[in-house]
Amino acid sequence: AQTVTQSQPEMSVQEAETVTLSCTYDTSESDYYLFWYKQPPSRQMILVIRQEAYKQQNATENRFSVNFQKAAKSFSLKISDSQLGDAAMYFCAYRSEWGFGNEKLTFGTGTRLTIIP
Amino acid sequence: DVKVTQSSRYLVKRTGEKVFLECVQDMDHENMFWYRQDPGLGLRLIYFSYDVKMKEKGDIPEGYSVSREKKERFSLILESASTNQTSMYLCASSLEFRTGPYPRGYGYTFGSGTRLTVV
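Residues numbered from 1 in each chain as written. Chains lettered and ligands numbered in written order. Predicted model: local features only at pLDDT ≥ 70, side-chain atom pairs only at ≥ 80, totals over all residues. Heavy atoms only, no water.

Caption draft 1: The overall build of chain B, seen in detail. When helices and strands are tallied, chain B shows 0 helices and 11 strands. Each helix (α) and strand (β) of chain B, taken in turn from the N terminus, gives the series β-β-β-β-β-β-β-β-β-β-β. In chain B, 56% of the contacts between residues at least 6 apart in sequence involve partners at least 24 apart. Surface exposure of chain B reaches about 5800 Å², of which carbon and sulfur atoms provide 50%. (Helix = DSSP H or I, 4+ residues; strand = E, 2+ residues; numbered from the N terminus. Contact = heavy atoms within 4.5 Å. Areas by Shrake-Rupley, 256 points an atom, 1.4 Å probe, with all protein chains shown as cover.)

Caption draft 2: Geometry of the interface of chain A and chain B. Across the boundary between the two partners, chain A contributes 23 residues, which contact 30 residues of chain B. Of the roughly 2500 Å² buried where chain A meets chain B, counting both sides, 55% is carbon and sulfur surface. For the pair chain A and chain B, the number of links is 1 salt bridge. Measuring nitrogen to oxygen at the nearest pair gives 3.9 Å for the salt bridge that ties Asp59 of chain B to Lys104 of chain A. Across the chain A-chain B interface, the total number found is 9 residue pairs in polar contact (both at pLDDT 80 or more). Those elements that place two or more of their residues in the side of chain A that touches chain B are strand E5 (32-39), strand E6 (46-52), strand E10 (88-96) and strand E11 (105-107) of chain A. (Buried area = accessible area lost by both parts, 1.4 Å probe. Salt bridge = Lys/Arg side-chain N within 4 Å of Asp/Glu carboxyl O. Polar contact = N/O pair within 3.5 Å; in protein donor to acceptor, adjacent residues only side chain to side chain.)

Caption draft 3: Summary view of the sheet that holds strand E7 (residues 64-70) of chain B. All names here are of chain B. Spatially, the 4 strands line up as an open sheet ordered E1-E3-E8-E7, and their pairing is antiparallel. Each edge of the sheet is formed by a strand with only one pairing partner; in this case those strands are strand E1 (4-6) and E7. Geometrically, the sheet is characterised by an average inter-axis angle of 20° between neighbouring strands, direction not taken into account. Where strand E3 (residues 19-25) and strand E8 (residues 73-78) come together, 6 bridges link them in antiparallel fashion. When the sheet's bridge partners are listed, Val19 is paired in E8 with Leu78. (Pairing = 2+ DSSP bridges. Axes fitted to C-alpha atoms, helices over the stretch in contact; angles between N-to-C directions.)

Caption draft 4: Summary view of the side chain of Gln8 of chain A. With respect to the helices and strands, Gln8 of chain A occurs in the loop between strand E1 (3-5) and strand E2 (10-14). When near neighbours in sequence (up to four residues on either side) are disregarded, Gln8 of chain A contacts Thr20, Leu21, Ser22, Gly110 and Thr111 of chain A.

Caption draft 5: Geometry of the nonpolar core. All names here are of chain A. If you look at the biggest cluster of nonpolar residues, it comprises 25 residues, and the most contacted ones within it are Tyr25, Trp36, Phe75, Leu77 and Tyr90. Those elements giving two or more residues to this core turn out to be strand E3 (19-21), E5, E6, strand E8 (64-69), strand E9 (74-79), E10 and strand E12 (111-116). Among the elements that make up this core, the one with the highest residue count is E10 (4 residues). In contact with Tyr25, not counting residues within four places along its chain, are Thr3, Val4, Tyr32, Leu34, Phe68, Gln69, Lys70, Lys73, Ser74, Phe75 and Tyr94. (Core = buried A, V, L, I, M, F, W, Y, C linked by side-chain atoms within 4.5 Å. Buried < 20%, exposed > 50% of the residue type's maximum accessible area, 1.4 Å probe, protein only.)

Caption draft 6: Quick peek at the environment of Arg63 of chain A. Residue and element names in this part refer to chain A. For Arg63, the location among the structural elements is in the loop between strand E7 (60-61) and E8. Sequence separation between Arg63 and Thr18 is 45 residues, and the spatial gap between their C-alpha atoms is 9.5 Å. Excluding residues within four positions of it along the chain, Arg63 makes contact with Lys78, Ile79, Ser80, Asp81, Ser82, Gln83 and Asp86. Here the side chain of Arg63 touches Asp81 through a polar contact of 3.2 Å, landing on its backbone oxygen.

Caption draft 7: Region of the structure containing the pattern of salt bridges. All names here are of chain B. As enumerated under the stated definition, the model contains 10 salt bridges over all chains in all. A salt bridge links Asp38 to Arg44; its shortest N-O distance comes to 2.9 Å. Among the ionic contacts, a cluster of salt bridges with common partners joins Arg36, Asp38 and Arg44.

Caption draft 8: Representation of the state of the cysteines in the model. Residue and element names in this part refer to chain B. A complete count under the given rule lists 2 disulfides over all chains for this structure. With its sulfur 1.9 Å from that of its partner, Cys23 forms a disulfide with Cys91. Residues Cys23 and Cys91 are joined through a disulfide that is left-handed, its torsion about the S-S bond being -80°. With Cys23 in strand E3 and Cys91 in strand E9 (residues 87-99), the pair connects residues that are 68 residues apart, well separated along the chain. For the residue pair Cys23 and Cys91, the accessibility class agrees, reading buried in each case. (Disulfide = S-S within 2.5 Å.)

What follows is the structure, given as structure tokens:
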């Protein structure tokens, strides 16, 4: 079974600075998908960014980018120019390759990000 | 936008009660999921369904059952609620389509959660 580990329960960053959230995972598969989700106090899970394992290029979405190291099984999220609205719980998630029964997401334990004004 | 609606935002139930948590999605998604969220444990999958009347156990199915009689609705049932089932429950749905050798779409949409307290 796949596992996802987020080793930083809490992080804080000064507004406008850059912060990196760590995520490692364990799998024997070669094709899979990785996600970062954000959960603000409203509890609504919001997709931040996703990465397909077969793509070597790191995904980016505006101020959010990932450092995907397939051999090291590492998938960190970098938030540039941090804003107060970035304060939330961040979850890393893994999904197996295409196939029946592989539809589920496996989540890490989350990192609570605080933005210091 | 796809919407996933959970019937209650907060619920308080007594030990031993039968509890129904309802989830409805409005965009014809094949897959639906129930997760439980606890501090320090993240989200853990209870059950999921990939079609009407079909269900698969997740990582922590004990003490729970599910029902999917219609494509848009996925219900989580606590047959006899216990205090250790006090938690946040999140429903999600996903649509998958495939072109070429790899899937090209896989949108997961979550509800806003039901915070259940069992006293």
